[in-house]
Amino acid sequence: MDRKSFLKKSALAAFSMSVMGYVVEASPKKWMSTCETTNDILGPFYREGAPERSNMLFEGIKGNEITLKGKVLGNDCTTVLENAIVEVWHCDTEGNYDNDSNKYLHRAKAITGQDGSYSFKTIIPGKYLNGKLYRPSHIHFRVRAKDHKELVSQIYFAGDPHITEDPWASQKKAVHRVLPVFPDDITASLSVEFDIFLSNL
Ligand SMILES: [Fe+2]
């Protein structure tokens, strides 16, 4: 095999390993599947009691609207999980969280359907300072499903210049949670897709 075709074959092998969900060694004693969604910090602004709703938009809201959608799956990388609870929360375009109003602005939860799917209409959040650095725009997640470990995580937006210096978004384990905003087929409304893979108990 010449060098060129060897490189091509190696690249293909690496690709199929990443899409087929082979197991990898996460630490010397723990094995996990490659699809398992990695965790992130809870942060100080989580509130219990966010309402169940898919439309998080409201009169006078500022910001670029997106549909945030995906599925919740098990760590075999294929089984969809019905009745999973997906909670999301984020700041407004000025970097502020609603920490006390009974409107729970920019906060919601969804229960996944038979196909494991969830969906929220919301906005791309703004940024707030963490010390001297702005945190990149992000949306917090807390996800629970029967017989699975609870996941607390965050997503980020591809191309955000504040990712590289952020202590959490810049971690290697966050790379699959830095997501593109793309126009949906036909409607062209902006969307972000985040499939969430939970680990077994
Ligand atoms: Fe946050």
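Residues numbered from 1 in each chain as written. Predicted model: local features only at pLDDT ≥ 70, side-chain atom pairs only at ≥ 80, totals over all residues.

**Q** Please set out the overall build of the protein chain residue by residue, giving values where relevant.
**A** Scanning the protein chain from terminus to terminus reveals one helix and 14 strands. When the 201 residues of the protein chain are sorted by exposure, 28% land in the buried category. Taking the intrachain contacts of the protein chain between residues at least 6 apart in sequence as the baseline, contacts between residues at least 24 apart amount to 69%. (Helix = DSSP H or I, 4+ residues; strand = E, 2+ residues; numbered from the N terminus. Buried ≥ 20, exposed ≤ 12 C-beta atoms within 10 Å, placed from the backbone. Contact = placed C-beta atoms within 7 Å.)

**Q** Describe the environment of Glu 65, with residues and values.
**A** Note on placement: Glu 65 falls in strand β3 (residues 65-73). Discounting chain neighbours no more than four positions away, the residues touching Glu 65 are Leu 57, Lys 121, Ile 123 and Leu 190.

**Q** Would you mind going over the nonpolar core in detail, with residue names and values included?
**A** When a protein is soluble and globular, its nonpolar side chains tend to lie buried together. Grouped together as the largest cluster of nonpolar side chains are 30 residues, with contacts concentrated most on Val 72, Val 86, Val 88, Val 143, Ile 196 and Leu 198. Listed by contribution, the elements that provide at least two residues to this core are β3, β4 (85-89), β5 (107-111), β6 (117-123), β9 (138-144), β10 (151-157) and β14 (196-197). A total of four residues in this core trace back to one element, the largest contributor, which is β10. (Core = buried A, V, L, I, M, F, W, Y, C linked by C-beta atoms within 7 Å.)

**Q** For unusual backbone geometry, give the residues involved together with the corresponding values.
**A** Of note, the phi angle at Cys 77 is positive, near 75°, even though the residue is not glycine. Here Cys 77 shows up in the loop between β3 and β4. Here Cys 77 falls in the partly exposed class, since 16 other C-beta atoms lie within 10 Å of it.

**Q** Could you give an account of the pairing of strand β13 (residues 190-193), with specific residues and numbers?
**A** Alignment of β3 against β13, held across three bridges, turns out to be parallel. Bridge pairing in β13 places Leu 68 opposite Val 192. Pairing of strand β12 (residues 182-183) with β13 involves two bridges; the strand directions are antiparallel. When the sheet's bridge partners are listed, Phe 182 is paired in β13 with Ser 191. Here β12 folds back onto β13, and the loop between the two strands holds six residues, one of which, Ile 186, carries a positive phi near 70°. (Pairing = 2+ DSSP bridges.)

**Q** Go over the sheet that holds β10, please, and point to the residues and values.
**A** The strands making up a sheet associate through backbone hydrogen bonding, with each pair oriented either parallel or antiparallel. With mixed pairing, five strands are arranged side by side in an open sheet as β5-β4-β9-β10-β11. Edge positions in the sheet fall to β5 and β11 (178-179), since each of these pairs with one other strand and no more. Direction of pairing for β9 relative to β10: antiparallel, over a ladder of six bridges. Counted as the bridge partner of Arg 142 is Val 152 from β10.

**Q** Describe the confidence of the model for the protein chain, listing the residues and the values that go with them.
**A** Low-confidence regions, as indicated by low pLDDT, have predicted coordinates that should not be scrutinised in detail. With 84% of its residues at a pLDDT of 70 or more, the protein chain has an overall mean of 88. The low-confidence segment residues 1-30, where pLDDT is below 50, has 15 contacts with residues more than four positions distant or belonging to other chains. (pLDDT = per-residue confidence, 0-100.)

**Q** Could you give me a rundown of the environment of Met 56, with the residues and numbers involved?
**A** Structurally, Met 56 can be placed in the loop between β2 (30-33) and β3. Along the chain, Met 56 and Lys 109 lie 53 residues apart, while their C-alpha atoms are 9.8 Å from each other.

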